[in-house]
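Results of the structural survey
One letter stands for each residue in the lines below.
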Amino acid sequence: MSSETKQILTTDGIPLEISLKKAERKNKIKAFLLVAPLLLFLIITYIFPIGEMFTRSIDDKMITNMLPKTFKSMETWDGKELPSEEVFASFLSDFKILVEKKEHGKLAQRLNKEKNGFNTITKKLFRQVKRNKIDETQSIKEQIMKVHKRWRNVEYWQAIKRTAPPYTSAKYLKAMDMYLNEDNKITQVSEDRRIHRILWLRTVEVAFFVTVFCFLMGYPIAHLLATLPMKYSNLLMICVLLPFWTSLLVRTASWMILLQQQGVVNDFFVLIGLVSDDNRPEMMYNKVGTYVAMTQILLPFMVLPLYSVMKTISPSLMRAGKSLGGTPFVAFWKVYFPLTIPGIGAGCLLVFILAIGYYITPALVGGASGTLISNQIAYHMKTTLDWSFASAMGLMLLGGVLVIYWLYNKLVGVDNIKLG
Amino acid sequence: MALPKYTETRYRIWHYFYIAICTFVFVFLIAPLFVIFPLSFNAEEFLVFSEGMKNLDPDAFSLRWYKDMVYGTKNPWGLAAKNSFIIAIFATLGSVILGTVAALGLSSRHMPFKGIIMATLISPMIVPLIISGVAIFFFMAKAGLAATHTGIVLAHIILGTPFVVITVTATLSGFDHSVTRAAASLGSNPVNTFMKVTLPLILPGVISGGLFAFVTSFDEVVVVLFLAGLENTTIPIQMWTGLREQLSPTILAVATCLIVLSTLILISAELLRRRSERLRGINR
């Protein structure tokens, strides 16, 4: 008897193993083809543009393309003393091309961002070029240096050199209130101009506290909903689901009415004597408004995952805990609470992720002290049109969210998200 | 939640405290929606309860703002409502078709790279809307679709599909695949099997995913703000502008209509969920 097992063949003579593998591969392709349309659609319209945000945020090619000869000749310059005649000459020839294309304004704008004062001296140089005052048979260096004293200052030439690389991290540094100084060192901007760091901190702070409030308010009612008999809990569930399905703007509008100075909440405070009628507190257009409205809006996202976990906990476990001598508090803390931790994790992460990117509610009820980083992104997209800066801030926010999303995926699994 | 007679006083107090907290939270959740109702029938222009309203004087109430919403001369609500419905309906159709087909593939046990693909398909739901807005705007601007209905519909398909994928994969997780094999063994082709066997069974999940997609599109304002031109104004955009400039009672009338709409959607979603559970219960 041979020790080798006889190879099993299918009816058409192909070994079974190969035939099965073939079928498996066919099934894989079939499954993949079903997902492919959506995947392709998302990659083209969504994932790819997010990648484009990245290239846009670090892109600094515009000036690299504007001054090609200058940067080429600057390669050999050590950057300590004024550059050579050759650099000046190539700068002038680049500049003349820009003047012809009427793009010298753009250059001035970009250089002025690097160092203040370029606007004036570029304009002066432009006038000289326009009037053909610069004689190319003589020293160009001398003539340019005569246009304005700043052209004699080596710091301005250093600034031009700094703009040479086609990529820049300036937008990211700017979002952290920092910049690259003359010696290519990361420096903080002066104290009174640090606005972005405050916004980042405030965004995290608001998201954190909204999550805490949602947890503190959501846990008791999720518990109540899970333990009440069906007919009552179904009725109370509407209180959670109706806000969930209602338009965000409608809910924000109702908070604007409730929280205004002559609003219902203030009326109530006056009625119970908490505040006097002529001294009604301002509850809108500040952080209080943002907190209150965001907590109410995001509360369903906390309650629903908690409820779906609590629903699976058998009431007999609590009874067992009590019958073994635990007080209700001990039984709750040692038995019930640990079992709800998956729900707590899911709810808290979901609320935090949603809160950290909130835009509409802070913009409407937040006022100046309640706006978050999203509002800043929208501001740069729509008002200042600094799209690369908006992209940089957006990607930094996205990085934070993706870390949490990854955590969420590890702990809960995206396919376990429950809706309603 | 009646307490047994032997409960100690401190637990009794704790229990009532717990009930009080829950009551407060439920009021906190639902009450804001109800302030809007009476104020939208206000006869005056102010957004506070007038003395007449507090005394339930019939003269203090009127349909003035509803009339303004429908017949008002400069009111954009008609165009906005038309756009909103058109966009939401097409976005829902697109999301449902793409999402359901993808969910079918995802719930097959042969699917390769399931985890990462699922995470990609769900990502528009997780990524902050403002970032989605920026990215989608860059794409639409390049593709020449900014300020068109098509562009907004495509954007809303992106945002709506995750909901369909989630609800349909959830429905399919309890799906008994032997019925499709039975259909195949009886000579049905895959398309026929899907239409006649699978779809009717997963329909509740598909429709409830569709409802999510509809609401997402109908309520979406962040991305639309980047994409819409004057012609593409939607209800959320009009509400946003109104709320930023001046809270007018007309907005409250619109809001009341939206609450009625969301109540209807809630009821249908709830009925569908029960039907789906029943169907899956039979399958088990």
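Residues numbered from 1 in each chain as written. Chains lettered and ligands numbered in written order. Predicted model: local features only at pLDDT ≥ 70, side-chain atom pairs only at ≥ 80, totals over all residues.

**Topic: the overall build of chain B**
Each helix and strand counted, chain B has 12 helices and zero strands in total. Each helix and strand of chain B, placed in order from N terminus to C terminus, yields the pattern α-α-α-α-α-α-α-α-α-α-α-α. Relative to the globule expectation of 19 Å for 284 residues, the C-alpha radius of gyration of chain B, 24 Å, shows a markedly less compact shape. The principal-axis extents of the C-alpha atoms in chain B amount to approximately 75 × 70 × 35 Å. Burial analysis of chain B (284 residues in total) assigns 46% to the buried set. Counted over contacts in chain B with a minimum sequence separation of 6, partners at least 24 positions apart contribute 75%. (Helix = DSSP H or I, 4+ residues; strand = E, 2+ residues; numbered from the N terminus. Rg over C-alpha atoms; globule rule 2.2 N^0.38 Å. Buried ≥ 20, exposed ≤ 12 C-beta atoms within 10 Å, placed from the backbone. Contact = placed C-beta atoms within 7 Å.)

**What about the interface of chain A and chain B?**
With 72 residues of chain A at the interface, the matching set in chain B holds 75 residues. Considering each element in turn, the side of chain A that touches chain B owes the most residues, 19 residues, to helix 1 (residues 16-58) of chain A. Across the side of chain A that touches chain B, the residue classes break down as 53 nonpolar, 14 polar and five charged. (Nonpolar A, V, L, I, M, F, W, Y, C, P; charged D, E, K, R; others polar.)

**Concerning helix 14 (residues 287-310) of chain A**
All names here are of chain A. In a regular helix each residue adds 1.5 Å, so 24 residues correspond to 34 Å; helix 14 covers 33 Å between its end C-alpha atoms and thus fits that length. Its maximal kink placed at Leu 298, helix 14 deviates by approximately 40°, while the proline Pro 300 follows within four residues. Counted residue by residue, helix 14 has 20 buried out of 24 residues, so it is predominantly covered. (Expected span 1.5 Å × (residues − 1). Bend = angle between axes of the 7 residues up to and from the residue.)

**A few points about the domain arrangement of chain A**
According to the domain assignment, chain A contains domain 1 (12-45), domain 2 (61-165) and domain 3 (196-416). The distance between the C-alpha centroids of domain 2 of chain A and domain 3 of chain A comes to 55 Å. (Domains from an automatic or database assignment.)

**Considerations on helix 7 (residues 140-147) of chain A**
All names here are of chain A. Listed in full, the buried residues belonging to helix 7 are Ile 140, Lys 141 and Ile 144. Each buried residue of helix 7 sits inside an arc of 95° when the element is viewed along its axis, so together they form one side. Elements that come into contact with the buried residues of helix 7 comprise helix 4 (85-101) and helix 6 (118-130). (Arc of directions from axis to C-beta.)

**Structural notes on the confidence of the model for chain B**
Residues at a pLDDT of 70 or more form 96% of chain B, whose mean pLDDT is 86. Reported for the predicted complex are a pTM of 0.85 and an ipTM of 0.86. (pLDDT = per-residue confidence, 0-100.)

**Let's talk about the packing of helix 6 (residues 129-143) of chain B against helix 7 (residues 149-173) of chain B**
Residue and element names in this part refer to chain B. At a closest axis distance of 11 Å, the pairing of helix 6 and helix 7 adopts a crossing angle of 140°. Relative to helix 7, the element helix 6 lies oblique. Relative to helix 7, the crossing made by helix 6 is right-handed. Between helix 6 and helix 7, the residues in contact are Ser 132, Ile 136 and Met 140 and Gly 151, Ala 155, Ile 158 and Leu 159, respectively. (Axes fitted to C-alpha atoms, helices over the stretch in contact; angles between N-to-C directions. Parallel < 35°, antiparallel > 145°, perpendicular 65-115°, else oblique. Left-handed = near helix turned anticlockwise from the far one by under 90°.)

**Considering unusual backbone geometry**
In this structure, Asp 177 of chain A is a non-glycine residue whose phi angle is positive, near 60°. As for its position among the elements, Asp 177 of chain A is in the loop between helix 9 (170-175) and strand 1 (178-180). Its identity as a non-glycine residue notwithstanding, Phe 113 of chain B has a phi of 50°, on the positive side. Relative to the assigned elements, Phe 113 of chain B resides in the loop between helix 4 (77-106) and helix 5 (114-126).

**Observations regarding the packing of helix 15 (residues 315-323) of chain A against helix 16 (residues 328-339) of chain A**
Residues and elements named next belong to chain A. The interhelical angle for the contact between helix 15 and helix 16, taken along N-to-C directions, is 125°, at an axis separation of 9 Å. Our classification of the angle between helix 15 and helix 16 gives oblique. Helix 16 is crossed by helix 15, and the crossing has right-handed handedness. Of the residues in helix 16, those touching helix 15 at Leu 317, Met 318, Gly 321 and Lys 322 are Pro 328, Ala 331, Lys 334, Val 335 and Tyr 336. Partitioning the contact of helix 15 with helix 16 into residue classes produces six nonpolar, one polar and two charged.

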